[in-house]
Amino acid sequence: MSTTTSSPRRARDKGPSGWLAAPALVFFLVFAIIPLIGVVALSFTRWDGLGEIQVDGFSSWKTVLTDPVTGNALWVTAKIMFFSFIVQAPISLLLGVFTAGGQKYRAALAVLYFIPLLLSSAAVAIAYKALLDPNFGLGPGLGLPFLAQDWLGNSDLVLFVVVFVIAWQFVPFHTLIYQGGVRQIPASFYEAAQIDGAGRVQQFLHITLPQLKYTIITSSTLMVVGSLAYFDLVFVLTGGGPGYTTRLLPLHMYLTGFKANDMGAASALGVILVVIGLGLALLLQRLGGRNRNASQLEGA
Amino acid sequence: MASTTQLPVPPVTRQTASPRPRTKGPGRFRPNLLGGLGGWVWLAIIILPIYYVVVTSLKNQAGFFTSNPMLPPTEPTLDNYKLVLENDFAMYFFNSLVVTLGSVIPALLISFMAAYAIVRGKSRFLSWTNSLFLLGLAIPLHATIIPIYWMITRAHLYDTLLALILPSIAFAIPISVLILSNFMRDVPNELFESMRLDGCSDWAMMWRLALPMTRPAVVTVGIYNALGVWNGFLFPLILTQSPATRVLPLSLWTFQGEFSVNIPAVLASVVLATLPLLVIYVVARRQLLSGLTAGFSK
């Protein structure tokens, strides 16, 4: 299976057999790559999820591309992606730097910060549904009238509620990434800066931020591409409503396929989702300045 | 965490040696009041919802409607927990356990073997395999649920736990292989060569050298995937139907549908579903968190 390179040092060692990678490859081909081809194929069919699949040309694509709900779903997805990033990135960065500090109280706070990492999206959404209730939730509990709103029923507010709940759930994970990143910055950098009389803000801007460049790229990529997967949280929290205000693309795909029983159109939406995901990943890689694989190989 | 699947390629630390503990950091030389304030504000944001859930789950229905939502119950009760436990909680818990262990352990095993082959091997087949896995990181794999649903129904696996396990294994592979192979590259080549000279097979080197040397990465990958599968919602929603195959996250959702008027009971189910992970967190917090960062941060 393996072909040896011309390097004389390696000539003896042919390396392990490619068969070791076969089980993983088979699983991945069957349950990821074939479905990926399948979603393209199914987008040219008509299927209700139970009966026979019928080839149907471009009619599903016509349905999807002329349906204003698709455009709306794309717009909602873009808005949630944008606001999630704007909210989560700075908070995670600051909290990561904060929790990486040596102080005891910060370590204690960090223990509590990371609890949302353990919760399922379903649990978070159900908890927030109760918490945001205008009569029996947080607002009346704290005696703050402005918190006692119909958060999930008000179409002007609901998007921001969704962004907030997403941030509540995912900021801890990104904080953890940043904390790890900050801990890898050599202490000598800060010691040298202190001798030079640099203040806290200057140290943050001139040491911490530049040193975290690749951590920022990782975290941002995970945030942006990950926002294409906020399905379960929004599904349980709002179901896409009120109206279509929080019906983002993955949710629209699910509802089209499994509630409206139009698997052809849902597959077309799936293809759109794949294309957007791929496009974003490539774009972020470009913005990162160099090939991410290379950056990994070159290491810390 | 969303899911194990649509993660793009994170740069992973090459350091397998223990990271230098940093005793001095920004803000060590005088108290950072603003930072401290922000830290406490964020604590409130994190803790208030959790506090509300726990307190409410201990109230009876009448107490829920009459008392202040943020105050502890005057007559705390465990009736809600009893109700949840009587509604097949143990079975859902067991299902979640089977699905999580049934996907994470095989996924770890085959990903580890693949990572070993990719790092140590030189064939074109292996580099092609690696590129395919990397592609899997850039694609939101959940977009493929409809073909997966079709395959599972055709294979007569619909509404079985295996229907959840098989795609979960596949979706865990890309990130697992990436993190494991990044760590494996740091194992000095000389160690492999000396073992080779002693006549060791690849199989022996994999378990006796590569595995011990990449343990932090194995822990990271295991924890990350276990959290994703344990908390997964989409596969159970689409690929199972009956109560007998229900897993915990889905049970929360159906419970909420059945007992929508009994908010304290619904929140008790949220607490109960989270409790196992919370216990693990309390016991093994350090390993859990350092395990997660070991793989993800640079």
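Preceding this paragraph is the structure being described.
None of the values given here were measured: they were computed from a predicted structure.

1. Remarks on the overall build of chain A
Thinking step 1. The helix and strand tally for chain A stands at 15 helices and 2 strands.
Thinking step 2. The burial tally for chain A puts 56% of its 300 residues in the buried class.
Thinking step 3. The contacts in chain A between residues at least 6 apart in sequence include a share of 64% that link residues at least 24 apart.
Thinking step 4. For chain A, the computed accessible surface area is about 12400 Å², with 66% contributed by carbon and sulfur atoms.

2. Considering the pattern of salt bridges
Thinking step 1. As enumerated under the stated definition, the model contains 2 salt bridges over all chains in all.
Thinking step 2. Measuring nitrogen to oxygen at the nearest pair gives 3.4 Å for the salt bridge that ties aspartate 202 of chain B to arginine 196 of chain B.

3. Thoughts on unusual backbone geometry
Thinking step 1. Phi is positive for asparagine 261 of chain A, which is not a glycine, with a value near 55°.
Thinking step 2. Looking at the element boundaries, asparagine 261 of chain A is found in the loop between α13 (249–259) and α14 (263–287).
Thinking step 3. Of note in the backbone geometry, aspartate 88 of chain B takes a positive phi value of approximately 60° without being a glycine.

4. What to know about a nonpolar patch on the surface
Residue and element names in this part refer to chain B.
Thinking step 1. Together, Leu275, Val279, Val282 and Val283 line one region of the surface with nonpolar side chains, adding up to about 380 Å² of accessible area.
Thinking step 2. Note that valine 282 resides in helix α12 (residues 263–296).
Thinking step 3. Judged by its relative accessible area of 62%, valine 282 is exposed.

5. Here we look at helix α10 (residues 200–211) of chain A
Side chains three or four residues apart in an α-helix point the same way, a direct result of the helix having 3.6 residues per turn.
All names here are of chain A.
Thinking step 1. With 12 residues, α10 ought to run about 16 Å at 1.5 Å a step, and its terminal C-alpha atoms sit 15 Å apart, in line with that.
Thinking step 2. For α10, every residue scored as buried is listed here: Arg200, Gln203, Ile207 and Thr208. Seen end-on, α10 carries its buried residues on one side only, within an arc spanning 85°. Opposite the packed face of α10, turned more than 90 degrees from it, sit the exposed residues Val201 and His206.
Thinking step 3. Taken together, the buried residues of α10 touch α4 (68–100), α8 (158–183) and α9 (187–195).

6. Description of the interface of chain A and chain B
Thinking step 1. Contact with chain A, which involves 121 residues of that partner, is made by 120 residues of chain B.
Thinking step 2. Taken over both partners, the interface formed by chain A and chain B buries close to 10900 Å², and the fraction arising from carbon and sulfur atoms is 74%.
Thinking step 3. Run the count over chain A and chain B and you get 0 salt bridges.
Thinking step 4. For the pair chain A and chain B, the interface holds 9 residue pairs in polar contact (both at pLDDT 80 or more).
Thinking step 5. When the residues that make up the side of chain A that touches chain B are grouped by side-chain class, the tally is 80 nonpolar, 28 polar and 13 charged.

Parameters and conventions
Residues numbered from 1 in each chain as written. Chains lettered and ligands numbered in written order. Predicted model: local features only at pLDDT ≥ 70, side-chain atom pairs only at ≥ 80, totals over all residues. Heavy atoms only, no water. Helix = DSSP H or I, 4+ residues; strand = E, 2+ residues; numbered from the N terminus. Buried < 20%, exposed > 50% of the residue type's maximum accessible area, 1.4 Å probe, protein only. Contact = heavy atoms within 4.5 Å. Areas by Shrake-Rupley, 256 points an atom, 1.4 Å probe, with all protein chains shown as cover. Salt bridge = Lys/Arg side-chain N within 4 Å of Asp/Glu carboxyl O. Patch = residues over 30% accessible without salt bridge, like charges linked within 9 Å, V, L, I, M, F, W, Y side chains within 5 Å. Expected span 1.5 Å × (residues − 1). Arc of directions from axis to C-beta. Buried area = accessible area lost by both parts, 1.4 Å probe. Polar contact = N/O pair within 3.5 Å; in protein donor to acceptor, adjacent residues only side chain to side chain. Nonpolar A, V, L, I, M, F, W, Y, C, P; charged D, E, K, R; others polar.

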